[in-house]
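Working through the structure, step by step
What follows is each chain in one-letter form.
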Amino acid sequence: MTHDSRPLAVFDLDGTLADTTHRQRYLERSPRDWDAFFAAAPHDPPLAQGVDLARRSARECEVVYLTGRPERCRKDTEEWLARQGLPTGRLWMRRNDDRRPARRTKLEILRTLARKREIRMLVDDDDLVCDEAVRAGFTAVRADWSHPSPPLKTAQEKEGRT
């Protein structure tokens with residue numbers, strides 16, 4: 001394996017590369033059906049703007065993926081990325097038992113990555129994640145091409161689920 005010294009372009013998945021609209025209904029009920037929500041992820045349509053940006057970024061950067069999805073979803077997620085023809089890259093996922101807000105978990109990983117490599121940009125649909133990244137000195141691109149539901153936003157921030 002060769003060492004890649006190019007800067008990193010870090011991409012979120014849900015709401016950035018993957019359209020979660022069809023599965024958000026599982027979060028709109030009480031209690032939320034997390035198993036069904038994540039089980040439906042392999043059927044996410046790609047978000048063209050995000051996929052295009054990832055492909056263009058791969059010309060100058062090494063693309064890596066940073067998601068709030070739990071580790072138990074790794075196989076489905078890797079297969080989804082491959083089916084979309086996205087650049088090959090490391091996939092960073094949340095521990096199955098980690099319920100911290102996405103803005104904390106993702107910033108922690110960004111800082112870890114930045115110790116060894118330049119982070120060219122983070123692309124994420126979560127405004128709180130982007131705000132924290134910018135405050136920490138990273139460049140954030142807000143993926144404003146999707147429309148996540150309020151329950152998904154709550155899940156990202158308060159329940160630490162995605």
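Structure first, text after, so check above.
Residues numbered from 1 in each chain as written. Predicted model: local features only at pLDDT ≥ 70, side-chain atom pairs only at ≥ 80, totals over all residues. Heavy atoms only, no water.

It is worth spelling out the overall build of the protein chain at this point. Within the protein chain, the regular secondary structure consists of 6 helices and 5 strands. Taken from N to C terminus, the helices and strands of the protein chain fall in the order β-α-α-β-α-β-α-β-α-β-α. Within the span of the protein chain, comprising 162 residues, buried residues form 52% of the whole. Within the protein chain, contacts between residues separated by at least 24 positions form 72% of all contacts whose residues are at least 6 apart in sequence. Working note: accessible area of the protein chain is about 8200 Å², and carbon and sulfur atoms make up 49% of it. (Helix = DSSP H or I, 4+ residues; strand = E, 2+ residues; numbered from the N terminus. Buried < 20%, exposed > 50% of the residue type's maximum accessible area, 1.4 Å probe, protein only. Contact = heavy atoms within 4.5 Å. Areas by Shrake-Rupley, 256 points an atom, 1.4 Å probe, with all protein chains shown as cover.)

Quick look at the environment of Thr 105 now. Within the secondary structure, Thr 105 is located in helix H4 (residues 102-114). Separated by 12 residues in the primary sequence, Thr 105 and Met 93 place their C-alpha atoms 9.4 Å from one another. If sequence neighbours within four positions are ignored, Thr 105 has contacts with Arg 94, Asp 98 and Arg 100.

Quick look at the pairing of strand E4 (residues 119-124) now. For E4, the tally of buried residues reaches 5 of 6 residues, placing the bulk of the element in the interior. Note that strand E1 (residues 8-11) and E4 share 4 bridges and pair parallel. Opposite Val 10, over in E4, you have Leu 122 as the bridge partner. Crossover handedness for the path E4 to helix H5 (residues 127-135) to strand E5 (residues 140-142): right-handed. (Pairing = 2+ DSSP bridges. Right-handed = clockwise from strand over helix to strand, strands pointing away.)

So, about the nonpolar core. One finds Phe 11, Leu 17, Tyr 65, Leu 81, Leu 86 and Val 123 to be the most contacted residues of the largest nonpolar core, which totals 29 residues. Breaking this core down by element, the ones donating at least two residues are E1, helix H1 (34-39), helix H2 (48-57), strand E2 (62-70), helix H3 (74-83), strand E3 (91-94) and E4. Among the elements that take part in this core, H1 stands out by supplying 4 residues, more than any other. With 15 residues, the next largest nonpolar core counts Val 64, Leu 107, Leu 110 and Val 129 among its residues. (Core = buried A, V, L, I, M, F, W, Y, C linked by side-chain atoms within 4.5 Å.)

Pairing in this open sheet of 5 strands is parallel, and the strands run E3-E2-E1-E4-E5 from one edge to the other. Each end of this open sheet is capped by a strand with a single partner; those strands are E3 and E5. Here the average twist between neighbouring strands, direction ignored, is 20 degrees. For E2 and E3, the ladder comprises 3 bridges, and the chain directions are parallel. Looking across to E3, one finds that Leu 66 is bridged to Trp 92. With respect to the sheet, H2 is in contact with E1, E2, E4 and E5, its orientation differing from that of E1 by roughly 165 degrees. Across the sheet, H3 is in contact with E2 and E3; its angle to E3 comes to roughly 145 degrees. (Axes fitted to C-alpha atoms, helices over the stretch in contact; angles between N-to-C directions.)

Now for H3. Restricting attention to buried positions, one finds in H3 the residues Thr 77, Trp 80 and Leu 81. The buried residues of H3 all sit within an arc of 100 degrees when viewed along its axis, so they share a single face. For H3, the exposed residues lying more than 90 degrees away from the buried face are Lys 75, Ala 82 and Arg 83. If you follow the buried residues of H3, they end up packed against E2 and E3. (Arc of directions from axis to C-beta.)

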